[in-house]
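# Coordinate inspection notes
Chain by chain, the residues:
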Amino acid sequence: MSATPVDPASGVVYPVGLRLLDRQVVVVGGGQVAHRRVAGLLEARARVTVVSPEVTPALEALVGPGAVTWVRRRYEPGDLDGAWYAVAATDDPAVNAAVAEEAERSRVFCARADDRSRSSVWTPAVGRQGDLVVGVHGGGDPQRAVGVRDAVLAGLADGSIRDRAAREVPGRRPGSVVLVGGGPGDPGLITVRGQWAVSQADVVVADHLAPQSLLASLPSEVEVIDASKLPRGRYMAQEQINALLVEHARAGRRVVRLKGGDPFVFGRGMEELEACVAAGVPVEVVPGVTSAIGVPALAGIPVTHRGLTHEFVVVSGHLPPGHPQTLVDWAALGRLRGTIVVLMGVDTAPAIAAALVEHGRAPETPVAVVADGSTPTQRAVHTTLAGLAQTLVDEGIRPPAVWVVGEVVRLTAEVGQPR
């Protein structure tokens, strides 16, 4: 008995969401297509069995911890016994046809990867935004489906498509706080989860180093609170920020604390988390791309490199060596051979460079200073520990800037500054 052909040109399909939690699913095949299908099935928390003599390394990595059961042989009749759903994804059309025929006899829906017209089910292009699932069928054209799916997800992420059902009336639901790391400044470097959280916010408490263009796209009813802390200038006290987060959340609002970089890398995010927990406010942390790694990378500087350095240290330079409140062991850092990344250390750079040289780092150690990282005005200058202080003056470097100490800087010096 063969599967009844489906005309892909007709686009006739009945969309339905399968709840596969703890249900048996069989995937026949172990290549890249099978891997993609398995990834989605595991997200649905199905019990997945893969039947194939060989599998990709990524699939094999799932077998070890027990996420996937691997039957190491070719497909045999009866392999679909007990299955709720099946995928035929081998590179042999005859095997795929046999799997589809067994599925038809057993009344098991089967996605045949090599022949949509003979599949009893079509797999949509799927995307997720929080608890919202978007599935698109493209009338037989997978690329069309992917294009529409991506457009919908992008619209949900940037707020141009409003998920109005998710915006319940304040006061009818408990408020919450999301601590979002916005990355080094370019709005394209915020995580998808972070962008979605911002798009769903009722209140955004933002730093000046957070991606500012994201704020411009918010609906007018969203309240934006400026919580900037300018270097040695005006700032909002941390205690006031904590109180604002709790106050708005207790009023039933969805609050996003939008910070530059990562909330837990010199971002005082833990203090905000503790304040929310102490007040009984639900709180979530969305990590961000820290400028300690992201900004050097954008300038073509790796913080590690095989055979060159096996360590890197990120240090706050807001207090100079010798300051009574500093917690940095500058003597230990001077003895290191690896990479040192300094954040918030423009004004204190001369003192830091002198301390590193004093405690063992060679004066000619290369240094790169990257200013305005990830923004259109980004620029990088190269110098040494001995020449750092004068270079900052000559180049007019002002915050925000990240500087990198170590042999990894020479890698970029040889190929030129990326644009």
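These notes cover the structure that comes with them. Throughout, residues of each chain are indexed from 1 in the direction in which the sequence is written. Only residues with pLDDT of at least 70 are given local features in this predicted model, and only at 80 or more are side-chain atom pairs given and counted; all residues enter the totals for whole chains, interfaces and linings. Calculation of side-chain values draws on the structure's entire complement of heavy atoms; hydrogens and water are dropped beforehand.

## Points about the overall build of the chain
Spelled out, the test is: Numbered from the N terminus, helices here are DSSP runs of H or I no shorter than four residues, and strands are runs of E no shorter than two. Here's how the labels work: a residue is buried when its accessible area is under 20% of the maximum for its type, exposed when over 50%, partly exposed in between, all with a 1.4 Å probe on protein chains only. Positive residues here are Lys and Arg, negative ones are Asp and Glu, while His and the chain termini are left out of the count. Taken as the charge centre is NZ of Lys, CZ of Arg, CG of Asp or CD of Glu, depending on the residue.
Counting secondary structure elements, the chain contains 13 helices and 17 strands. Counting all 419 residues of the chain, 43% fall into the buried class. Mean positive and mean negative side-chain charge positions of the chain (40 and 44 charges, respectively) differ by 3 Å.

## Observations regarding the sheet that holds strand β5 (residues 109-112)
Applicable threshold: At least two bridges found by DSSP between two strands is the condition for calling them paired. Only the contacting stretch of a helix is used when fitting its axis, a line to C-alpha atoms as for every element, and angles between N-to-C directions run 0 to 180 degrees. Whether two residues are in contact is decided by their heavy atoms, any of which lying within 4.5 Å being enough.
Taking strand neighbours across the sheet as the criterion, the five strands line up as β3-β2-β1-β4-β5 in an open arrangement whose pairing is parallel. Because the sheet does not close on itself, it has two edges, and the strands there are β3 (68-71) and β5. Across the sheet, the mean angle separating the axes of adjacent strands is 20 degrees when strand polarity is ignored. The sheet contacts of helix α3 (residues 93-106) involve β1 (24-28), β4 (85-88) and β5, and relative to β5 the element is tilted by about 165 degrees.

## Focus: the side chain of Thr290
The residue Thr290 is located in the loop between β12 (283-286) and α9 (291-298) in this model. Residue class for Thr290 comes out buried when judged on its relative accessible area of 14%. Not counting chain neighbours up to four residues away, the residues in contact with Thr290 comprise Gly261, Asp262 and Val265.

## Here we look at the pairing of strand β2 (residues 47-51)
The test is simple: Handedness of a crossover is defined as follows: orient the strands so they point away from the viewer, and if the path from the first strand over the helix to the second runs clockwise, the crossover is right-handed.
Across the five residues that make up β2, a large majority, four, are buried. For β1 and β2, the ladder comprises five bridges, and the chain directions are parallel. Bridging across to β2, Val25 finds its partner in Val48. This β-α-β element, β1 to helix α1 (residues 32-43) to β2, shows right-handed connectivity. In this structure, β2 lies alongside β3, joined through four bridges in parallel fashion.

## Looking at the side chain of Asn242
Take Asn242: it is sitting in helix α7 (residues 238-250). Overall, Asn242 belongs to the buried group, its relative accessible area being 14%. Those residues in contact with Asn242, other than ones at most four positions away along the chain, are Glu271, Glu272 and Ala275.

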